[in-house]
Amino acid sequence: MLVNHAVSPPPDLAARTSIISLLRRWLKALAGVLLGSVTAISAMLYTVVALLALALAHILDRWGGPVRTAVDEGTLALTGLELRRITRFHGTFSTDALAPRRCRWYLGVRWTIGLLGFGVALLLILCLVVAGSMVSAWILNGDWGLIENSGRVDGGLIAVATLPGILLIFVAVVGVAGVGSLDRWFVVQTLGRKSERLLQQRVAELTSSRDHVVDAIDDERRRIERDLHDGVQQQLVAVGMLIGRARRAEKPDKRSELLTQAHLASQGAISELREVANRVYPVALDQAGLHAAIETMAQRASVPIRLTYELTERLRPAMETVVYFVISEAVTNAAKHALPRLVEVTVTHQRFDRALATITDDGPGGADPSGPGLSGLARRVAAVDGTLTVESPVGGPTVVTASVPCG
């Protein structure tokens, strides 16, 4: 039986290859930093000239169009050179379509990075020149200013200067790579694709919205369980007890009376079950839309409601459901805790294709936004990329505002 074994390179060869690769990358970065130092001067000069030219174009007003065009073309051309340099020496990246305004901002700041790179490269060169001079003077017994009476270089002083010299060289070497990374980072932040940054932000928002959805579902399940336990279940138990008493009753009149009470209790249980089902999801939303559902809710509310509905088109079903439950829960909370004389409900269209629902009651205020009812509404609204705000100063009024996207 033949067994194939992968032959791995010797450790010393692998280390040597890694060191050579690292050295090549560093030399490549050094070349990019040095070239960037040269282009930084042109970027700085161009920024000054461009500012003067744009000021002149502003003075010339409508006759300054050719000047603005020339400035924009020069800005795009110079930025293109910088992008090719960074891609060649510091790595690839993606950008949006270049816009003159963003490119002017980039060139107006980028020259500082170029001067920083020039300073780091100059420090490295000085350190290497000084180190080379000291070593050559020591080896050749030359005069470098560190000599004793005998004319020989003092090796002790050189040894003392070695440690800080090595540290400076290391800082300069690392600084070259750091300036290259800074150069690439700045162009990505300034000219990089906004879509990628928006995607990362959107992922974070969706992660948070998922948590809000789970919390909202749990709150809804607890509310349904509470409504069934405290309402329908109690009435069904009463119906069962009345029927049991009727079965044990000996007198026909008593049996008929108990059965009548059981029938009435069963009708009450059916009505309560319909209320629970309507609170879970009102049928009017599907049949007639949000406007009709709010009107029906207002007619059945225990407090007077003044409704203003200004939307001309229907929202998506998910958005209509959220807006309905925000209004319904806010009205219920006001009727239960604030005892207002009037509740005003307004549904209007907001900028950026959003719908705005505002519920205002003239109660004493002091509502707690972190309470279970309002916090549950906030999670429900956040689950559809909406926002919920509650303003309830002591003395009133209480204003609940929900903004959701229309599309």
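Predicted model only: the values in this text are computed from it and were never measured.

## What to know about the overall build of the protein chain
In terms of regular secondary structure, the protein chain is built from ten helices and five strands. Summarising the internal contacts of the protein chain: among those between residues at least 6 apart in sequence, 70% fall at separations of at least 24. When the accessible area of the protein chain is evaluated, it comes to approximately 25100 Å², of which 63% is carbon and sulfur surface.

## Observations regarding the sheet that holds strand β4 (residues 387-391)
An order of β1-β2-β3-β5-β4 is seen for the five strands of this open sheet, with the pairing classed as mixed. Sheet topology places β1 (305-309) and β4 at the edges, where each strand pairs with a single neighbour. If you compare each strand with its neighbour and ignore which way they point, the axes differ by 10° on average. In this sheet, strand β5 (residues 398-405) lies alongside β4 in antiparallel orientation, the contact comprising five bridges. Looking at the pairing, Thr387 lines up with Ser403 of β5. Along the sheet, helix α8 (residues 290-300) contacts β1 and β2 (343-350); its crossing angle with β1, the most-contacted strand, is approximately 175°. Where helix α9 (residues 317-338) meets the sheet, it contacts β1, β2, β3 (354-361), β4 and β5, and its direction lies at approximately 10° from that of β3.

## What about the nonpolar core?
Membership of the largest hydrophobic core comes to 35 residues, with the highest contact counts inside it found for Ile327 and Ile359. Broken down by secondary-structure element, the contributors of at least two residues to this core are α8, α9, β2, β3, α10 (372-382) and β5. Among the elements that take part in this core, α9 stands out by supplying eleven residues, more than any other. Apart from the residues within four sequence positions on either side, Ile327 is in contact with Ile294, Met297, Val345, Val347, Ala357 and Ile359.

## Focus: the pattern of salt bridges
What the rule picks out here adds up to eight salt bridges. Note that Glu344 is salt-bridged to Arg306, the shortest N-O span being 3.1 Å. In this pair, Glu344 is assigned in strand β2 and Arg306 in strand β1, connecting sequence segments 38 residues apart. Here Arg314 ties to Glu320 by a salt bridge, and the two come within 2.7 Å at their closest N and O atoms. The network of salt bridges with shared partners includes Glu82, Arg85, Arg110 and Asp183.

## Examining unusual backbone geometry
Leave glycine aside and you will find that most residues have negative phi; peptide bonds, for their part, are mostly trans. Between Gly396 and the following residue, Pro397, the backbone shows a cis peptide bond with an omega angle of -5°. At Leu339, a residue that is not glycine, the phi angle is positive and equals roughly 50°. By the secondary structure assignment, Leu339 is in the loop between α9 and β2. For Leu339, a relative accessible area of 68% gives the class exposed.

## Notes on the confidence of the model for the protein chain
Here the protein chain averages 80 in pLDDT, while 82% of its residues score no lower than 70. Scored below 50 in pLDDT, residues 1-7 makes zero contacts in the model with residues more than four places away or belonging to other chains. Long-range and interchain partners of residues 144-153, a stretch whose pLDDT sits below 50, account for 21 contacts in this model, where long-range means more than four residues apart.

## A word on the packing of aromatic side chains
Taken as a whole and assessed by the stated rule, the structure comprises two aromatic pairs. Plain terms: the ring middles of Tyr106 and Phe186 are 5.6 Å apart, the flat faces sit at 20° to each other, and that makes the pair stacked. Residue Tyr106 is located in helix α3 (residues 100-139), and its partner Phe186 is located in helix α4 (residues 155-191); the two are separated by 80 residues in the primary sequence. Between the aromatic rings of Tyr324 and Phe325, the centroid separation amounts to 5.5 Å while the plane-to-plane angle is 80°, which identifies the pairing as edge-to-face.

## Quick look at the packing of α8 against α9
Relative orientation of the contacting elements α8 and α9 amounts to 15°, with a least axis distance of 10 Å. The orientation of α8 with respect to α9, classified from their angle, is roughly parallel. When the axes of α8 and α9 are compared, the crossing they make is right-handed. Residue-level inspection shows Leu290, Ala293, Ile294 and Met297 of α8 in contact with α9, the latter providing Glu320, Val323, Tyr324, Ile327, Ser328 and Val331.

Reading the values: rules and limits
- Residues numbered from 1 in each chain as written.
- Predicted model: local features only at pLDDT ≥ 70, side-chain atom pairs only at ≥ 80, totals over all residues.
- Heavy atoms only, no water.
- Helix = DSSP H or I, 4+ residues; strand = E, 2+ residues; numbered from the N terminus.
- Contact = heavy atoms within 4.5 Å.
- Areas by Shrake-Rupley, 256 points an atom, 1.4 Å probe, with all protein chains shown as cover.
- Pairing = 2+ DSSP bridges.
- Axes fitted to C-alpha atoms, helices over the stretch in contact; angles between N-to-C directions.
- Core = buried A, V, L, I, M, F, W, Y, C linked by side-chain atoms within 4.5 Å.
- Buried < 20%, exposed > 50% of the residue type's maximum accessible area, 1.4 Å probe, protein only.
- Salt bridge = Lys/Arg side-chain N within 4 Å of Asp/Glu carboxyl O.
- pLDDT = per-residue confidence, 0-100.
- Phe/Tyr/Trp six-rings, centres within 6.5 Å; stacked < 30°, edge-to-face > 60°.
- Parallel < 35°, antiparallel > 145°, perpendicular 65-115°, else oblique.
- Left-handed = near helix turned anticlockwise from the far one by under 90°.

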